Amino acid sequence: MADYVRWTKDSLIERVKQLEDELKQQQSAAAHAAADAAAAVSASSAAAAHAHALLGKRTKQEKADSKLRAKDRKKKPLDPAKYSTRLVALKLAYLGKNYNGFEYQPCGTLPTIEEELWKALVRSCLVFPNKPEEVNFMPYEYAKCGRTDRGVSAFGQVISLRLRSNRPVPSDELAGGQENGNVDAVGAAGGDKPTTNHAAVSKKEKSGAKPAKAAWDPITDEIQYCKVLNRLLPPDIRILAWCPDPPANFSARFSCRERQYRYFFTQPAFPPAPSNFEGKPRTAGAMKDGWLDIDAMRKAAKMFEGLHDFRNFCKIDPTKQITNFMRRVFESDIVEVDDANTVMPYFNHHQIKPSNGDYPDAMYPKVYYFHVRGSAFLWHQIRHMVAILFLIGQGLEKPALVADLLDATAQPRKPNFLMADEVPLVLWDCIFPKLDAAATAAPTAAEGLALDEDVHDPETEANTELEDGVDWVWLAEASPKNDLVNQLWEFWREKKIDELLASKLLNCVAVNADPDRPPAHRAAAKKQKGANSQRIFEGGDSGRMMGIYMPVLKRPSQASVEEINDKWAQSKGYANGEELTRNKFWRTAIREAKEAADEAKEAAIEAKKAALQANKTAINKSSEPRVVVNTSGE
């Protein structure tokens with residue numbers, strides 16, 4: 001029976017349609033079976049009379065079938081044994097708002113980036129899976145730099161995997177011989193596992209038996225991976241560049257030494273109400289609703305720089321049993337975007353701006369982003385950091401809150417606070433510096449590859465000025481027509497016109513309202529629902545009402561890291577998390593135990609079915625009439 005868990009949604013829909021067609025055919029055949037049998041008897045004589053007239057003649061249907069068979073022969077699938085493969089790195093960008101994250105999830109309601117990549121790779125025959133309907137990157141030495149969550153975008157995501165190559169396979173290797181080299185030959189047709197490397201020059205070419213051909217160029221003669229995939233991918237997923245010759249032992253995940261994120265937001269964060277409608281401040285020291293104190297946010301952001309314990313700025317995942325929350329942040333700052341202003345004079349009105357005089361007339365709203373660079377990050381770490389910065393920017397917390405939460409000794413349990421919205425977050429870039437042999441062979445990547453876990457030593461990650469050492473071939477360089485720019489221009493212009501019309505509509509409504517006009521029903525305004533509620537900005541399109549604001553450090557705290565890890569370990573049959581992690585391969589042990597339990601459960605179900613069937617058979621036999629044989633001769 002097929003395992004439908006890892007099937008793509010398109011494959012599942014196609015399978016459902018196929019089963020529906022088969023069911024209709026079976027029902028139609030059953031309905032016409034009796035009529036066909038009767039018609040066959042009456043028509044047998046007529047068929048005999050016309051048999052010789054039909055001999056040697058082909059019906060229209062037969063001719064149509066012949067044409068279809070000819071088409072099928074033309075669409076004969078590629079033979080993997082006739083193609084070589086190569087390990088490449090791809091740099092891609094995507095807008096994550098319409099996707100359920102980067103990593104494939106079989107039960108998600110939205111598609112994932114990996115699912116779209118898989119469908120494009122299979123359709124373009126860049127990979128040859130045995131089961132193309134199942135998403136399975138494992139046989140292709142696949143690795144990804146970052147696993148962005150639902151709604152998060154990326155402009156510098158990097159993956160590495162083995163793909164079909166145009167490099168000619170020497171004739172002696174097609175006959176079965178193989179040699180060592182830097183481009184691999186694919187194994188049996190439809191197989192998932194690539195075979196060993198083959199030579200760059202065949203024996204026949206070395207012997208000079210045939211005239212030497214022009215040397216094969218690994219870039220210009222290669223498959224145009226970026227173009228091929230971009231033709232098949234959705235418009236909000238683009239392959240930007242590829243690397244034809246990654247460094248030795250390259251892994252998109254473990255070779256990355258720096259990841260850069262940007263979280264975008266506006267100033268003001270949401271529409272402020274006129275001052276004569278507000279009354280007294282809802283929270284002492286708070287900013288005017290909608291406005292952010294950028295200087296306070298920048299001061300707090302700088303406190304993240306350096307080596308710190310970020311257990312209070314992440315979501316604990318007990319399935320990973322992480323105990324080391326030390327991470328090094330190279331740079332952390334609040335930066336203004338110079339080329340993203342949409343001018344709305346309404347926000348310069350004295351009733352709309354804060355009254356402290358720190359906000360001179362300017363082009364509002366402005367756009368800023370939280371810029372952070374680091375070697376590695378914990379689950380949801382960036383969004384937790386931004387959430388605290390927004391509370392500080394609204395004047396609800398002091399910048400010192402960052403230092404308090406980074407002190408894991410004084411604050412071992414994370415207070416309850418919501419992380420920021422996911423849509424404005426972008427994985428901006430991933431840096432793969434050129435390292436010497438000692439750094440490349442360091443146990444960090446080696447252990448990580450062996451155990452499939454995030455192993456790193458923040459103490460050794462002191463170099464904060466890294467430069468990318470990967471030789472990327474950018475699609476814009478390889479194409480004089482610059483197809484990628486044209487594609488993205490069309491996508492951008494559509495969104496830009498939407499944004500322009502929305503801004504003009506908002507400005508039209510705003511300028512016709514007179515903020516100086518006193519409210520006609522001030523008494524009614526005071527009784528308005530939510531009048532005493534504090535609006536909290538969390539990165540979304542509007543503020544969230546939360547009632548009377550409670551400072552972060554006075555809120556209830558979550559369970560400690562040790563308690564969370566121990567609880568999960570106990571659910572897997574261990575005394576605590578420490579006992580579980582003594583086995584370096586505990587993930588494999590848990591997976592094997594689960595598979596064994598599933599097999600035992602399935603075997604028990606089958607045994608129960610067999611017992612029920614045997615019982616049913618015995619009942620049927622007992623109910624059959626008995627034949628009594630008279631042997632007396634009477």
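Keep in mind it's a predicted model, so treat the numbers as computed, not measured. Within any chain, residue numbers begin from 1 and follow the written order of that chain's sequence. Totals for whole chains, interfaces and linings use all residues, but because this is a predicted model, local features are given only for residues with pLDDT of at least 70 and pairs of side-chain atoms are given and counted only at 80 or more. In computing side-chain values, all of the structure's heavy atoms are included and hydrogens and water are not.

1. Focus on the UniProt feature "coiled-coil region" (unreviewed entry) in the chain
UniProt positions are given in the numbering used here, feature names are shortened, and annotations may be inferred rather than shown by experiment. UniProt feature "coiled-coil region" (unreviewed entry): in the numbering of this structure it lies at residues 9-36 and 583-613. For residues 583-613, the helix share is 90%, the strand share is 0%, and the end-to-end C-alpha distance is 44 Å. Numbering of helices and strands runs from the N terminus, with a helix taken as a DSSP run of H or I at least four residues long and a strand as a DSSP run of E at least two residues long.

2. Notes on the pairing of strand 3 (residues 153-165)
Each residue's exposure class comes from its accessible area (1.4 Å probe, protein chains only) as a fraction of the maximum for that residue type: buried when under 20%, exposed when over 50%, partly exposed otherwise. Across the 13 residues of strand 3, 12 count as buried, placing the element largely inside the fold. Strands are treated as partners if at least two bridges between them are detected by DSSP. In terms of strand pairing, strand 2 (residues 143-144) meets strand 3 through 2 bridges, oriented antiparallel. Each residue of the ladder has a partner; that of A143, found in strand 3, is S160. Bridge count between strand 3 and strand 11 (residues 425-431): 2 bridges; the pairing is parallel. The partner of S153 across the bridge, within strand 11, is V426.

3. Regarding the nonpolar core
Joining through side-chain atoms within 4.5 Å is the link that ties buried Ala, Val, Leu, Ile, Met, Phe, Trp, Tyr and Cys residues into a set, and such a set is a nonpolar core. The biggest cluster of nonpolar side chains holds 97 residues, and the ones touching the most others in it are F370 and I388. With 9 residues, the top contributor of residues to this core is helix 9 (residues 381-393). The next biggest cluster of nonpolar side chains, apart from the first, holds 5 residues, and it includes W568, A569, W586 and I590.

4. Section: the environment of C125
Turning to its location among the elements, C125 is positioned in the loop between helix 3 (113-123) and strand 2. According to the relative accessible area criterion, C125 is partly exposed, its value standing at 24%. A sequence separation of 46 residues divides C125 from D79, and the C-alpha atoms of the two residues are 9.9 Å apart.

5. Considerations on helix 3
Within helix 3, 9 of the 11 residues are buried, leaving the element largely enclosed by the surrounding structure. Those residues of helix 3 lying buried are I113, E114, E115, E116, L117, W118, K119, A120 and L121. Just past helix 3, the residue C125 takes up positive phi, approximately 60 degrees.

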